[in-house]
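A closer look at the structure
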There are 2 protein chains.
Amino acid sequence: MNLKPLSESTEMYLKAMAELSGRDVIAVGRLAERLGVTPVSANEMMRRLGEQGLVAHTPYKGVNLTKKGREAAGNVIRRQRLWECFLYDHLKIEWARVYEFACLLEHATAPEVTESLAEFLGHPKTCPRGNPIPEADGSFKPLDATPLSELKPGQTARLLAVSATAADVLKYLQEKNILPGREVTLLELAPLQGPLTVRIEEKDVALGLPMAEFVLVKIIKS
Amino acid sequence: MNLKPLSESTEMYLKAMAELSGRDVIAVGRLAERLGVTPVSANEMMRRLGEQGLVAHTPYKGVNLTKKGREAAGNVIRRQRLWECFLYDHLKIEWARVYEFACLLEHATAPEVTESLAEFLGHPKTCPRGNPIPEADGSFKPLDATPLSELKPGQTARLLAVSATAADVLKYLQEKNILPGREVTLLELAPLQGPLTVRIEEKDVALGLPMAEFVLVKIIKS
DNA sequence: TGGAATAATAAGGTAAACCATAATTTAATT
DNA sequence: AATTAAATTATGGTTTACCTTATTATTCCA
Ligand SMILES: [Mn+2]
Ligand SMILES: [Mn+2]
Ligand SMILES: [Mn+2]
Ligand SMILES: [Mn+2]
């Protein structure tokens, strides 16, 4: 199937694309922003990935993973989330930093190691951030959840997953106890993109709208 | 101490240098051979590493790790051997392939992860190939052992470590049961760089001289 | 139907690690 | 001391993945 190993850069582009969309086309500008590169660089990379058959680019419309690209992305995400499990459950590494360390290891993990690790971990279904772990064949489906930012005041929800990856964002969420499994109630939503006030673990916490988009929940009480 | 992370290539050069000499100077040609690059490339790299204060190069004499370089090398080797322990003891990966997988992971391992891993493993003293694991500060001393190639016929020894890293060599040693902890007796040494015949685990095995140099033993019976 | 964004291209650079080939320098040995 | 082998330098390339500054092409929206 996959002949040559993909470069770290390639894997990060594929992963970002998979995380950035269910199936709809992605604006190259958004991708560039996500990866911290210029739009020109992202464009160049899209050409290269297109030549390798990993992405389909419709100029002025956007990019999409091909079947091959989506499978490769799933494999990267699988490795990443399995490492997250290991680092958190066994090495006792701080929740907020698990992602960044796993993001290094994911590119240095041979398939045999990935599958042995999965076995060792007991084939976990989700990572410590609550995100589902793709199958060994690279297949995966997006989590069926609602962003916290779409909750209405008074509603209560179960926190399913955190899709953030930036260390400072994770650190903040960790400090405020905004973690998978917890119950949250939206107390107030300030107007004009204002912060949300949520009650979690008996405490009231303020969250900016952009951060609330990274928090995925399932409504349990309206 | 260390400001920027070293590149994978840099780490492999440092590791090769540490493995290639106790304290004496290393011929750049040998280094190049070890790393599978041309002498010209190794020379260029020595210039770069010299500028970074990691190696000292005396033209036409050879290269040496500086204190800084030796410490950095020790850190790489520590990561590598800790991963070898994990892959072998916990993931049940085949002895002969553990090195190659650890050699990937070693470059993607943050210090926090290294130390948590050491803790998780119970601070092992040696890797599955029998080589000592450097301390957390990067310090290490060469193993006090005799190459199997220097044994005299009739002598019996305890196998301490295998310093080989090439997958095919490790595979051969694994198949023939030439593993740390075993007892070996040198039965015969053919003349003219000829093969050694050793008895190990009740079986007679032939080993070429170059391969016998990779096998480190402690003589227990003359 | 304009503009204003946004996207894409063109053009020219950089840095790290590699390569080959050829010339030069030094060391080692007969 | 001459020869040979090994090491070094000089030159000029390659690939990947970045960058900047223009310029051009589309879309979309008021
Ligand atoms: Mn990564
Ligand atoms: Mn390595
Ligand atoms: Mn160009
Ligand atoms: Mn050049």
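Residues numbered from 1 in each chain as written. Chains lettered and ligands numbered in written order. Predicted model: local features only at pLDDT ≥ 70, side-chain atom pairs only at ≥ 80, totals over all residues. Heavy atoms only, no water.

**Re the overall build of chain A**
Secondary structure summary: chain A contains eight helices and eight strands in total. Taking 222 residues into account, the globule formula puts the C-alpha radius of gyration at 17 Å, and chain A, at 18 Å, falls close to it. For chain A, with 222 residues in total, the buried portion stands at 45%. Carbon and sulfur atoms make up 53% of the accessible area of chain A, which totals about 11,400 Å². Computed over 28 positive and 28 negative side-chain charges, the separation of the two mean positions in chain A equals 3 Å. (Helix = DSSP H or I, 4+ residues; strand = E, 2+ residues; numbered from the N terminus. Rg over C-alpha atoms; globule rule 2.2 N^0.38 Å. Buried < 20%, exposed > 50% of the residue type's maximum accessible area, 1.4 Å probe, protein only. Areas by Shrake-Rupley, 256 points an atom, 1.4 Å probe, with all protein chains shown as cover. Lys, Arg positive; Asp, Glu negative; His and termini not counted. Charge placed at Lys NZ, Arg CZ, Asp CG, Glu CD.)

**Some points on the pattern of salt bridges**
All names here are of chain A. Applying the stated criterion to the full structure yields 25 salt bridges over all chains. Two residues, R78 and E115, come together in a salt bridge whose shortest N-O distance is 2.6 Å. On the criterion of sequence distance, the pair formed by R78 in helix α4 (residues 67-90) and E115 in helix α6 (residues 111-121) is long-range, its members being 37 residues apart. You can call R78 buried: its relative accessible area is 7%. (Salt bridge = Lys/Arg side-chain N within 4 Å of Asp/Glu carboxyl O.)

**A word on the environment of B:L209**
Mapping B:L209 onto the fold places it in helix α8 (residues 209-212). Spatially, the C-alpha atom of B:L209 lies 31 Å from that of B:K92, the residues being 117 residues apart in sequence.

**As for the protein's contact with DNA strand D**
Neighbouring DNA strand D are 21 residues; A:S7, A:S9, A:S41, A:E44 and B:H57 lie closest to it. A breakdown of the atoms of DNA strand D within 4 Å of the protein gives sugar and phosphate a share of 70%. Here a phosphate oxygen of DNA strand D and a side-chain polar atom of A:S7 are 2.4 Å apart. Within the side chain of B:H57, an N or O atom sits 2.5 Å from a phosphate oxygen of DNA strand D. Counting residues per element, the ones that place at least two in the surface near DNA strand D are α1 (8-20) and α3 (39-51) of chain A together with α2 (28-35) and α3 (39-51) of chain B. Of all the elements, α3(A) adds the most residues to the surface near DNA strand D, at five residues. (Near = heavy atom within 4 Å. Polar contact = N/O pair within 3.5 Å; in protein donor to acceptor, adjacent residues only side chain to side chain.)

**Some details on the coordination of the manganese ion (ligand 2)**
The protein atoms that coordinate the manganese ion (ligand 2) are B:M12 (SD), B:C103 (O), B:C103 (SG), B:E106 (OE) and B:H107 (NE2), at distances of 2.0 to 2.6 Å. Residue classification places B:H107 among the buried positions, given a relative accessible area of 19%. (Donors = N, O, S within 2.8 Å, 3.2 Å for Na, K, Ca; no water.)

**Looking at the environment of A:S41**
Looking at where A:S41 falls in the secondary structure, it is placed in helix α3. C-alpha of A:S41 to C-alpha of A:M211: the two residues are 170 residues apart in sequence and 27 Å apart in space.

**Description of the packing of helix α4 (residues 67-90) of chain B against helix α6 (residues 111-121) of chain B**
In a pair of packed helices, the angle between the axes and the distance between the axes together describe the arrangement. Residues and elements named next belong to chain B. Contact geometry for α4 and α6: axes closest at 10 Å, N-to-C directions at 45 degrees. It follows from the interaxial angle that α4 and α6 lie oblique. Of the two possible hands of crossing, α4 and α6 adopt the one that is left-handed. Contacts from R78, R79, L82, W83, C85, F86 and H90 in α4 reach V113, T114, E115, L117, A118, F120 and L121 in α6. (Axes fitted to C-alpha atoms, helices over the stretch in contact; angles between N-to-C directions. Parallel < 35°, antiparallel > 145°, perpendicular 65-115°, else oblique. Left-handed = near helix turned anticlockwise from the far one by under 90°. Contact = heavy atoms within 4.5 Å.)

**Here's the deal with the sheet that holds strand β5 (residues 183-189) of chain A**
All names here are of chain A. The strand order across the open sheet formed by six strands is β3-β8-β4-β5-β6-β7, and the pairing between neighbours is antiparallel. Across the chains shown, the open sheet's two edge strands, defined by having one partner strand only, are β3 (146-147) and β7 (203-207). Pairing of β3 with strand β8 (residues 215-221), which is carried by two bridges, proceeds in the antiparallel orientation. Bridge pairing in β8 places T146 opposite V217. Contacts from helix α7 (residues 167-175) reach β4 (156-162), β7 and β8, with the element oriented near 160 degrees to β7. (Pairing = 2+ DSSP bridges.)

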